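Structure at a glance
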Amino acid sequence: MPKIKVALVGVGNCASALVQGLQYYSARSKDECVGLRNSLLGGFHPKDIEVVAAFDIDGRKVGRDVSEAIFAEPNNVSKLADVPPSNVVVHKGPVLDGLGEYTKHVVQISPHPEANVAMVLKESNAETVLNLLPSGAVKASQWYADQALISGCAFVNATPSFLASDPAWAQKFEVAGLPIVGDDLIDQVGSTTLHKTLLQLLSMNGVHVTETYQLDVGGGTESMDTLDRTRDVKRAVKTKSVEAALPYAAAVVAGSTDYVDFLKNRRDSYFWIRGVHFCNVPMQIDLKLSTSDAPNAGSVLFDVLRAVKMALEREMKGAVMPVCAYGFKHPPQLVALEAAEKMFAQFVTEEE
Ligand SMILES: NC(=O)c1ccc[n+]([C@@H]2O[C@H](COP(=O)([O-])OP(=O)(O)OC[C@H]3O[C@@H](n4cnc5c(N)ncnc54)[C@H](O)[C@@H]3O)[C@@H](O)[C@H]2O)c1
């Protein structure tokens, strides 16, 4: 199979889990790929994904091989695999709005000169730029989307900055003849998916949900960034996505809330659901989900990167709706879970 050549923008926890996951699964056959939703997708195995370039701003990452940079502080995802040297060195990109009020005390800006990002993308033969910047880095995310356009790369926006779902940005990629997918990656077993599934199950069984909330605490740098810059946008994205799971209006609040350093890369999510069932009798669910944040993105990232490769091969351009709906919380149009699943399954099988 041809390689899926990916450039990482932001070598944080998510990038670390992705790179470690590539190593972990590369040695495993299709049937040994436990923990993945799809071991093969469109004929691609995870080992077909190759990181060919990487960008960050932190002095503990810039100038180092990706295999070392992924373990540098402040990353705190656990060790999942031994990663051999990749011969891909992390380049310095522009800071722009990369740091927030809290994270500026945690990220150490590298004194290295800035690389010519478009040139690095071209020279590395990158096909897809994967945006893993902090959620508050809206300007930097837009800047890297422009670099992807200049360099002829597809763009995957895992962050909650609105790009694929912004018609003006989708149009830019359409005009350039390149695919874009986003925004805000869905986790493999994330709070949003679990919340939506629970609500669907209840409403399908005739329960009338009256109120529900879902609150998170995490210890990654991203949770810290959420404190001052992106709490509102994240809450709006998650709430809208969860509301779409119910066929009627209810009081819904879903969103990240706090940073607890000793949790490291763990994320604890609390769910509260109240409703009524037979004869208006009340019922409630009070639940906690504990996950490791960055590995929770790995399986979906593998699928999205392979699907974008398929979109590139089919010369698709602009926002690729089946991939956006399947892999992201804020696609250009919100669709119900089953509809998103169907769209994606159809997209994948069209290839075969
Ligand atoms: N399960 C998940 O981890 C998950 C799920 C959905 C969405 N996301 C999104 O993925 C993104 C990455 O999450 P993370 O946990 O890896 O975050 P992180 O804070 O661990 O990593 C961000 C990285 O970006 C770097 N950076 C900051 N500004 C930069 C700039 N201008 N140029 C280049 N690099 C810069 C930081 O130094 C850091 O290495 C976030 O936007 C998050 O919302 C993650």
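A brief structural summary.

**Quick notes on the site of the ligand**
- Around the ligand, 31 residues are found, and the nearest of them are C14, D56, K61, L133 and D187.
- Within the contact set of the ligand, an oxygen atom lies 3.0 Å away from a backbone nitrogen or oxygen of N13.
- In this structure, E222 approaches the ligand through a side-chain N or O atom, which is 3.0 Å from an oxygen atom.
- Elements represented by at least two residues in the shell around the ligand include exactly α1 (13–26), α4 (138–151) and α7 (221–243).
- Broken down by element, the residue count for the shell around the ligand peaks at three residues, all from α7.
- Each residue belonging to the shell around the ligand can be placed in one class, and the counts come to 16 nonpolar, seven polar and eight charged.

**Thoughts on the packing of aromatic side chains**
- In the structure shown here, the tally under the stated rule is eight aromatic pairs.
- With centroids separated by 6.0 Å and ring planes inclined at 80°, the aromatic side chains of Y25 and F302 adopt a geometry described as edge-to-face. Residue Y25 is found in helix α1, and its partner F302 is found in helix α8 (residues 295–313); the two are separated by 277 residues along the sequence. Side by side, Y25 and F302 carry an identical accessibility label, which is buried.

**Here's the deal with α4**
- Under the 1.5 Å per step criterion, the end-to-end length of α4 is 20 Å for 14 residues, consistent within 8% with the ideal 20 Å.
- Within the sequence span of α4, burial applies to A140, S141, Y144, A145, Q147, A148, L149 and S151.
- Of the surrounding elements, those touching the buried residues of α4 are β1 (4–9), β2 (49–56), α3 (117–123), β4 (128–131), β5 (154–157) and α5 (167–176).

**Examining the sheet that holds β5**
- Read from one edge of the open sheet, seven strands run β3-β2-β1-β4-β5-β6-β11, paired in parallel fashion. Either end of the sheet is taken by a strand with one partner, and the two such strands are β3 (90–92) and β11 (318–319).
- Sheet analysis places β2 next to β3, joined by three bridges and oriented parallel. Within β3, the position partnered with D56 by the bridge is K92.
- The sheet strands contacting α4 are β1, β2, β4 and β5, and the helix crosses β5 at an angle near 160°.

**Considerations on the pattern of salt bridges**
- Counting across every chain of the model gives 19 salt bridges.
- In this structure, K309 and E127 form a salt bridge, with 2.8 Å as the shortest nitrogen-oxygen distance. With a gap of 182 residues between them, K309 in helix α8 and E127 in the loop between α3 and β4 connect regions that are remote in the sequence.
- Beyond isolated ion pairs, a larger network of salt bridges with shared partners links D216, K238, R267 and D293.

**So, the side chain of D293**
- Turning to its location among the elements, D293 is positioned in the loop between β10 (282–292) and α8.
- Residue D293 is classed as buried on the basis of its relative accessible area of 18%.
- Excluding anything up to four places from it in sequence, D293 contacts D187, N265 and R267.

**Things to note about the pairing of strand β7 (residues 208–218)**
- Across 10 bridges, the pairing between β7 and strand β9 (residues 266–276) is antiparallel. The partner of E211 across the bridge, within β9, is R274.
- Summarising the sheet, β7 and strand β8 (residues 251–259) pair through eight bridges and their orientation is parallel. By the bridge assignment for β8, V217 is matched with D258.

**Points about the sheet that holds β10**
- One open sheet holds the four strands; their spatial order is β8-β7-β9-β10, and the pairing between them is mixed. Looking at the sheet topology across the chains shown, the edges are occupied by β8 and β10. Geometrically, the sheet is characterised by an average inter-axis angle of 10° between neighbouring strands, direction not taken into account.
- Sheet topology note: the β9/β10 ladder contains 11 bridges and is antiparallel. In the strand pairing of β10, R274 is matched with Q284.
- Across the sheet, α7 touches β7, β8 and β9, and the angle it forms with β8 is around 160°.

**Quick notes on unusual backbone geometry**
- Cis peptide bonds are those with omega within 30 degrees of zero, and the linkage from E73 to P74 qualifies with 5°.
- Position of P74 among the secondary structure elements: in the loop between α2 (66–69) and β3.
- Between G182 and D183 the backbone carries a cis peptide bond, its omega angle lying at 0°.
- Mapped onto the fold, D183 is located in the loop between β6 (179–181) and α6 (191–204).

Cut-offs applied
- Residues numbered from 1 in each chain as written.
- Predicted model: local features only at pLDDT ≥ 70, side-chain atom pairs only at ≥ 80, totals over all residues.
- Heavy atoms only, no water.
- Near = heavy atom within 4 Å.
- Polar contact = N/O pair within 3.5 Å; in protein donor to acceptor, adjacent residues only side chain to side chain.
- Helix = DSSP H or I, 4+ residues; strand = E, 2+ residues; numbered from the N terminus.
- Nonpolar A, V, L, I, M, F, W, Y, C, P; charged D, E, K, R; others polar.
- Phe/Tyr/Trp six-rings, centres within 6.5 Å; stacked < 30°, edge-to-face > 60°.
- Buried < 20%, exposed > 50% of the residue type's maximum accessible area, 1.4 Å probe, protein only.
- Expected span 1.5 Å × (residues − 1).
- Contact = heavy atoms within 4.5 Å.
- Pairing = 2+ DSSP bridges.
- Axes fitted to C-alpha atoms, helices over the stretch in contact; angles between N-to-C directions.
- Salt bridge = Lys/Arg side-chain N within 4 Å of Asp/Glu carboxyl O.

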